[in-house]
Amino acid sequence: ATSGPAGESVDGAGGVRNAAEIEALYRARTDSLRMRFTDADVRFVTNMIHHHAQALEMAVLAPMRGASPAVQTLAARIINAQQDEIATFQRWLEDRGFTAPRVHIDGASVHVEGADHDAHMPGMLTNEQMTALRNTYGAEFDRFFLTLMIQHHNGAVRMVRDLFATDGAGQEEEVFRLASDIQVDQITEIRRMELMLSTLPPAGGR
């Protein structure tokens, strides 16, 4: 396109577009690209809200179960990061006309309302595992928390890989970025937790 008078642009077909029309066309094309998501993308984002909510449920236990300072710092970082990601997932769903699950932290409890999810998501703790975690304290809590959170994070990494392995899924720009960031961040944190776990005294040791 070539420039014309008064901020106008001449397109290749010989027509004239002013700056406002060009911007409107750009926004329309951007919105069109942004809306090219699949059912698998919606399921992934919805499931990830529920998956992150369980990580919050685990992490809020750390201060009240006598966790070490290092584990409490890790738990606080998980809470901050995953609350931010949950907010991003919720906005993504709502921008596309879906009702996003709501997540509420109430002391040592985390509640999720709305939008069904896959109860068999990879890495999710069973009710028995969550009960056992709530009943541990001190060094025992540290060991069990790290072991279970590694399991949980590995599940999230698998969810990302499953998304990218699904035909047509994970191609929308924001979903691709969100999923890629989750994969990198969770793998990094798994390595950190494995190192922390390796430095703990053996079970029953002093």
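Everything that follows concerns the structure shown earlier in this document.
Predicted model only: the values in this text are computed from it and were never measured.

A. Spotlight on the nonpolar core. Of all hydrophobic cores here, the largest spans 50 residues; its most connected members are F44, M58, F141 and F145. Residue assignment for this core shows that the elements contributing at least two residues are α2 (39-59), α3 (69-95), α4 (127-134), α5 (138-165) and α6 (173-198). Residue contacts for F145: discarding those within four places in its chain leaves M58, A59, V71, L74, A75, I78 and L133.

B. Spatial organisation of the side chain of E172. Structurally, E172 is set in the loop between α5 and α6. Within polar-contact distance, the side chain of E172 engages the side chain of W92 at 3.4 Å. Here the side chain of E172 touches V175 through a polar contact of 2.8 Å, landing on its backbone nitrogen.

C. Focus on the pattern of salt bridges. Within this structure, the stated rule accounts for eleven salt bridges. In this structure, E174 engages R91 in a salt bridge whose closest nitrogen and oxygen atoms are separated by 2.5 Å. Of this pair, E174 sits in helix α6 while R91 sits in helix α3, placing them 83 residues apart in sequence. Residues R96 and E172 are paired through a salt bridge, measuring 2.6 Å at the closest nitrogen-oxygen approach. You can see R96 sitting in the loop between α3 and β4 (102-106) and its partner E172 sitting in the loop between α5 and α6, a full 76 residues away along the chain. Considered together, R96 and E172 belong to a single accessibility category, that of buried residues.

D. Quick peek at α2. Between its first and last C-alpha, α2 extends 30 Å over 21 residues, near the 30 Å set by a 1.5 Å rise per residue. With 19 of its 21 residues buried, α2 lies for the most part within the structure.

E. Focus on the packing of aromatic side chains. Across all of its chains, the model carries four aromatic pairs by this definition. Consider the rings of F37 and F98, whose centres lie 5.9 Å apart with planes at 75°: the pair is edge-to-face. Of this pair, F37 sits in the loop between α1 (19-34) and α2 while F98 sits in the loop between α3 and β4, and the two are 61 residues apart along the sequence. Aromatic pair F164 and F176: ring centres 5.6 Å apart, planes at 45°, arrangement tilted. Highlighted residues: F164 in helix α5 and F176 in helix α6, separated in sequence by twelve residues. Chaining the aromatic ring pairs together yields one cluster made of F37, W92 and F98.

F. A look at unusual backbone geometry. Positive phi, normally seen in glycine, also occurs at A115, with a value near 55°. The exposure class of A115 is partly exposed, given its relative accessible area of 26%.

G. Structural detail: the pairing of strand β5 (residues 109-113). Judged from the five bridges that link them, β4 and β5 form a sheet pairing that is antiparallel. Within β5, the position partnered with V103 by the bridge is V112. Taking the residues that link successive antiparallel strands as the turn, the β4-β5 hairpin has two residues, and the phi of G107 there is positive, at about 65°.

H. Expanded view of the packing of α5 against α6. Here α5 crosses α6 at 155°, and the two axes come no closer than 9 Å. Comparing their axes, α6 and α5 come out roughly antiparallel. In this structure, α5 crosses over α6, and the sense of that crossing is left-handed.

I. Structural detail: the packing of α4 against α5. At a closest axis distance of 10 Å, the pairing of α4 and α5 adopts a crossing angle of 150°. With respect to their mutual orientation, α4 and α5 come out roughly antiparallel. Crossing hand, α4 versus α5: left-handed. For the pair formed by α4 and α5, the contact residues are Q129, A132 and L133 on the first element and F141, F144, F145, L148 and Q151 on the second. By residue class, the composition of the contact of α4 with α5 is six nonpolar, two polar and no charged.

J. Structural detail: the environment of A203. Looking at where A203 falls in the secondary structure, it is placed in the segment after α6. Sequence-wise, A203 and R143 are 60 residues apart; in three dimensions their C-alpha atoms are separated by 8.2 Å.

Cut-offs and rules
- Residues numbered from 1 in each chain as written.
- Predicted model: local features only at pLDDT ≥ 70, side-chain atom pairs only at ≥ 80, totals over all residues.
- Heavy atoms only, no water.
- Core = buried A, V, L, I, M, F, W, Y, C linked by side-chain atoms within 4.5 Å.
- Buried < 20%, exposed > 50% of the residue type's maximum accessible area, 1.4 Å probe, protein only.
- Helix = DSSP H or I, 4+ residues; strand = E, 2+ residues; numbered from the N terminus.
- Contact = heavy atoms within 4.5 Å.
- Polar contact = N/O pair within 3.5 Å; in protein donor to acceptor, adjacent residues only side chain to side chain.
- Salt bridge = Lys/Arg side-chain N within 4 Å of Asp/Glu carboxyl O.
- Expected span 1.5 Å × (residues − 1).
- Phe/Tyr/Trp six-rings, centres within 6.5 Å; stacked < 30°, edge-to-face > 60°.
- Pairing = 2+ DSSP bridges.
- Axes fitted to C-alpha atoms, helices over the stretch in contact; angles between N-to-C directions.
- Parallel < 35°, antiparallel > 145°, perpendicular 65-115°, else oblique.
- Left-handed = near helix turned anticlockwise from the far one by under 90°.
- Nonpolar A, V, L, I, M, F, W, Y, C, P; charged D, E, K, R; others polar.

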